[in-house]
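The lines below spell out each chain.
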2 protein chains.
Amino acid sequence: MRIDGGFWGELQERNRHAILPHITHWLDRTGWLRNFSTSPGRRRGREFSDSEIYKFLEALAWELGRSPSAELQAVFDETVALVADAQLPDGYLNTRFGRPGQEPRWSDLEWGHELYCLGHLIQAGVARARTGHPDDLLVQVACRAANLVCDTFGEDGIPSMDGHPVIEPALVELYRVTGDRRYLEQARLFVERRGHGTLPDIEFGRAYYQDDMPVRDATVFRGHAVRAVYLAAGALDLADETGDDELLDAVMRQWRRTVARRVYVTGGIGSRHQDEAFGEDFVLPPDRAYSETCAGVGSVMVAWRLLLASGDPACADLIERTLYNVIATSPAADGKAFFYANTLHRREIGEMPDPDRPNPRPTATVRAPWFEVSCCPTNVARTMASLSGYVATEDADGIQLHQYVSGTVADRFTVITRYPAEGEIAIRIDREIDDPWSLSLRVPEWAGSGATLTVGGHTWEVEPGYVTERRRWRAGDEVVLCLPMEPRFTYPDPRVDAVRGCVAVERGPLVYALESVDVPGVGSVDEVRVDAGHPPVMVDGRVVVRGRRVSVEESAVPYSARPYRVVGEDLGEIPLVAYHSWANRGPSTMRVWVAAC
Amino acid sequence: MRIDGGFWGELQERNRHAILPHITHWLDRTGWLRNFSTSPGRRRGREFSDSEIYKFLEALAWELGRSPSAELQAVFDETVALVADAQLPDGYLNTRFGRPGQEPRWSDLEWGHELYCLGHLIQAGVARARTGHPDDLLVQVACRAANLVCDTFGEDGIPSMDGHPVIEPALVELYRVTGDRRYLEQARLFVERRGHGTLPDIEFGRAYYQDDMPVRDATVFRGHAVRAVYLAAGALDLADETGDDELLDAVMRQWRRTVARRVYVTGGIGSRHQDEAFGEDFVLPPDRAYSETCAGVGSVMVAWRLLLASGDPACADLIERTLYNVIATSPAADGKAFFYANTLHRREIGEMPDPDRPNPRPTATVRAPWFEVSCCPTNVARTMASLSGYVATEDADGIQLHQYVSGTVADRFTVITRYPAEGEIAIRIDREIDDPWSLSLRVPEWAGSGATLTVGGHTWEVEPGYVTERRRWRAGDEVVLCLPMEPRFTYPDPRVDAVRGCVAVERGPLVYALESVDVPGVGSVDEVRVDAGHPPVMVDGRVVVRGRRVSVEESAVPYSARPYRVVGEDLGEIPLVAYHSWANRGPSTMRVWVAAC
């Protein structure tokens, strides 16, 4: 798939021209890149900072595969050389452990992130191998590191694993590009060792790093959200390559319950700041939504693997929800700042982040240029650069189109659309093939019964799921899918205590938000209620709702023996913004869920 | 005031006979007490563990003052001797810093808790001085430590303060019992230094330790809840002793806004687990209520000081709310386990805490015997032992009775009541005084217009606030205050997003809770809704509501384009329990706020 303009194309251009240069700047400025060449005593950054360089390399590898660039190639080559020089002869590579004056290697598996860093190194190598350079220096570095991991943590080695999964999917992926079964076996050992109290109990409990129960016994994703989804991705890769259907089914069951009970309307996961973790079922408070960008990235990785394994359109629905409303939300319009946590409710207008130093916290009033823990910008970059990988699949029967993105697919057809701004998606067949083949299009669950398909002059209603047209397609044939783009209210499951009595607004795949800059004269969006009797409509290209500004009688304590008196003032039509674009106009207050009146 | 039976008397007996022996056992078992006599390398516990010994000593001092005990006296004397032996000649006293192999003293003011520990040492000394032993060894130890603090942190000393306030009120209190103005001046310096970015910025921000703005400029309590209220207590003590009305007014304003917007219905404060902190206004999620027991203790300290300064009955109302529903909730019925955090909603039945080791987390499914950070048990103990100090005040005009507790006040009258089980409070004058004097009784805000007063055979309605009867009281005169004890629904301020559409139940000063053990056959209290059309009533001595068990249609994601269908099944009458007594029957699920139907 080659993306050509549109919403996703713009993200890729922003990534290439703004985000990647921005990351280059900050990896230098923070000294995290120099850690590979300076003495141990001058090392900067947290214990996992090496992984940012690797995710950056992965992003560059995908981006160079997408479209050459002398400039990006030079950055890539220099960085790979620096990393390769730092690798020890036996394959060990980490700037935080093992050198004089540092703690010994593998001495802090629960928090040290050594295998985590190597996992991201390997994923960068895999990206390079997949984009036409299977013998590249980066691939060699990755293999040397992976060999050391197998020597050290194999059947007769250290019987443990890393506190933060990611090496698991990385090793299976490296097996896929190299064919070396040792990597697959090592991934299996890491997945199977987890869940037996292998790592120490910690303040957050062993569920934090999914060491509370074996992957195949769990019933739901839990603990640290990024750890949970990276582990699930690894388990699915393993299940796929070993034909372990029991493991696949177990993760699928966990995923279904998680999506039904622990996912924000944006697709975000993780409702606890303290341990960056899932809450219990239906614990989805918008104001404490952590919804880490990286967890969104990992959630897409999981859903993609499940889609490949099952063909269930719910997987592609969640990818769409998460891409438009979490991953696309993180980077600022100019690509020079990011959300780490993606709250669904900002109550107070805070201070602007300091533009000259990494934000000390994952939360920020508006997007921050960098963070002390800056996992998200590089994760956004590698995802943007590889977006085309999530659009379509092919099997013996034909091609399945899961996401609607302008561009060409398999040189066989072109997708022409302004989606999600508009709902019409035209597919024009470019290349004629003698045999008939099936074109499958996903009708999103949110479309309800409002979608139509037009083929050869005939139009009919299509239901959510995949609609498949099989024929001997001719060049110039056109298929048009029309998705209903009227904005709509969304109601929460009554078990989500935190948003009882509230509604959200969606249009197509986009979640909308009420931002204070759009209700001038009103102190905070918390004073606004939406008239649930008037569905949202489009006015002059904006989604608007009708609403009231309310005030509540004050009391000495926020409790009373009689219901509170609330008085309201009509605000008329109130425009909303797409959630992914909020906070691009300076600090504001914001709500996705607004109390109904 | 001498407490004699009743609710508070039982708490004091439980403290003396169960809680204090339990603490003695665990301070030995954990090695925290031995830290004072062992070598630095064998030190156990967190950096603030010395403070537990000091709070324990404070509890013993109050308890011995209340009623002698050879056994408790021996424990007290031995412990004081151990502590005194560990004090260095210049007054320094801390088992974590300053000895060979340890970091130097005052090298980690933001996290080291050295001054915090000394603050609790001084408060123990003050308790000893106030209970008839102004020249006790413990008082001498406290004064030596305080002198060192003044020498080290005075006008020309280290221009900083501790990350965790408590030395501030302690120094003013020591000034009160010794008359040494240096202590008052040092407290002033500590209070005034805070809020100027004196300590480093940290991940939680400087608001965490109230170093974001000066005490007199703040508008609300914020940051770490215990730090916030201990600091406020110190500022109020300082304002009182220096006649600084501006400071008093500033703290009073902060308190009013805090109580109106940041206090749980139980009186608990702190709605964030991550940093044990206040959330923003109206952020009071019941399921993530941290409501630390120690924060409740500190909140009572603040409200008591404000009551003395202002006479505002709202202060005594909050003390009552907090004592019955936070502080009384912490200890188990047998006095051998404690809540650290006091949630208002338990969703899942977890595992029982390990009886043989300190709970690694502040949260526990039911009360835990001890914690790795075990500040709460000793804080409960010192509060229980000094409860009589919160009951009444005296001025030139007479006596003001703020809380209704069986016992005798100033040898002048006896309070006879079964409150809060029943609403009748009889006051019998015991001692005749020639001059007339005023007896003031607080009518709680929650009484609405349902309270009556009977004096000399006449009965009339009395409104919330203080009702004052001034006369020449004769021995045998009787005053009867009747408070309305019908259970009642309580409605939340509509700005508390987290409990929209819910009701709570209160009766007198007690908050009630729905506990799963009382709805057998229902999986979780989350399935229960309360019929808001039927007010709660008393049936066979229990508070009951009418309710339904509901089930909700399942969906792939917990959001839908149409409102969810909910079906219900009548559960008839459902008994509730007083919140302070929940979780005494094994693990359960529990809700204070229940969705209304």
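As the structure is a prediction and not an experimental result, all values here were calculated from the model. (Residues numbered from 1 in each chain as written. Chains lettered and ligands numbered in written order. Predicted model: local features only at pLDDT ≥ 70, side-chain atom pairs only at ≥ 80, totals over all residues. Heavy atoms only, no water.)

Caption draft 1: Geometry of the relation of the copies chain A and chain B. The transformation that overlays chain A on chain B combines an axial shift of 0.0 Å with a rotation of 180 degrees, and the residual RMSD is 0.0 Å. In short, the pair behaves as if placed about a two-fold rotation axis. When the interface residues of chain A are mapped onto chain B, 100% of them again lie at the interface, so the same face is used by both copies. (Least-squares fit on C-alpha atoms with pLDDT ≥ 70 in both. Contact = heavy atoms within 4.5 Å.)

Caption draft 2: Looking closely at the packing of helix H8 (residues 225-242) of chain B against helix H10 (residues 293-310) of chain B. All names here are of chain B. Their axes nearest at 8 Å, the elements H8 and H10 cross at an angle of 20 degrees. Regarding the angle of H8 to H10, the classification is roughly parallel. Read as a crossing pair, H8 and H10 show a hand that is left-handed. Every residue of H10 that contacts H8 at Ala225, Val226, Val229, Tyr230, Ala232, Ala233, Leu236 and Asp237 is listed here: Cys294, Ala295, Gly298, Ser299, Met301, Val302, Arg305 and Leu306. Within the contact of H8 with H10, the residues separate by chemical class into twelve nonpolar, two polar and two charged. (Axes fitted to C-alpha atoms, helices over the stretch in contact; angles between N-to-C directions. Helix = DSSP H or I, 4+ residues; strand = E, 2+ residues; numbered from the N terminus. Parallel < 35°, antiparallel > 145°, perpendicular 65-115°, else oblique. Left-handed = near helix turned anticlockwise from the far one by under 90°. Nonpolar A, V, L, I, M, F, W, Y, C, P; charged D, E, K, R; others polar.)

Caption draft 3: Representation of the interface of chain A and chain B within the structure. With 61 residues of chain A in contact, the opposing surface of chain B contributes 61 residues. Contact with chain B buries area across many residues of chain A, yet Tyr491, Arg500 and Tyr559 of chain A alone supply 15% of it, more than any other trio. The tally of links from chain A across to chain B stands at 13 salt bridges. Across the pair Glu554 of chain B and Arg261 of chain A runs a salt bridge whose closest N-O atoms are separated by 3.3 Å. Applying the counting criterion to the chain A and chain B interface returns 24 residue pairs in polar contact (both at pLDDT 80 or more). Going through the elements one at a time, helix H9 (245-261), strand S13 (488-492) and strand S19 (559-560) of chain A are the ones with two or more residues in the side of chain A that touches chain B. The element contributing the most residues to the side of chain A that touches chain B is S13 of chain A, with four residues. Its residues assigned to classes, the side of chain A that touches chain B shows 30 nonpolar, eight polar and 23 charged. The pairing of S13 of chain A with strand S19 (residues 559-560) of chain B spans two bridges and is antiparallel. If you follow Pro492 of chain A over to S19 of chain B, its bridge partner there is Tyr559 of chain B. (Buried area = accessible area lost by both parts, 1.4 Å probe. Salt bridge = Lys/Arg side-chain N within 4 Å of Asp/Glu carboxyl O. Polar contact = N/O pair within 3.5 Å; in protein donor to acceptor, adjacent residues only side chain to side chain. Pairing = 2+ DSSP bridges.)

Caption draft 4: Fine view of unusual backbone geometry. In this structure, Pro420 of chain A follows Tyr419 of chain A across a cis peptide bond, with omega equal to 5 degrees. If you trace the backbone, Pro420 of chain A turns up in the loop between strand S6 (413-417) and strand S7 (424-429). At His113 of chain B, a position not held by glycine, the phi torsion is positive, near 60 degrees. Judged by its relative accessible area of 5%, His113 of chain B falls in the buried class. The backbone of Glu276 of chain B sits at a positive phi, close to 50 degrees, despite the residue not being glycine. Turning to its location among the elements, Glu276 of chain B is positioned in the loop between helix H9 (245-261) and H10. (Buried < 20%, exposed > 50% of the residue type's maximum accessible area, 1.4 Å probe, protein only.)

Caption draft 5: Geometry of the side chain of Arg507 of chain A. All names here are of chain A. Position of Arg507 relative to the elements: it lies in strand S14 (residues 502-507). Nearest to the buried, unbridged Arg507 among oppositely charged side chains is Glu422, at 7.2 Å. A polar contact is formed between the side chain of Arg507 and the backbone oxygen of Met485, at a distance of 2.8 Å. Contact partners of Arg507, with chain neighbours within four places excluded, come to Pro420, Ala421, Met485, Glu486, Pro487, Arg488, Tyr512, Met538 and Val543. (Lys, Arg positive; Asp, Glu negative; His and termini not counted.)

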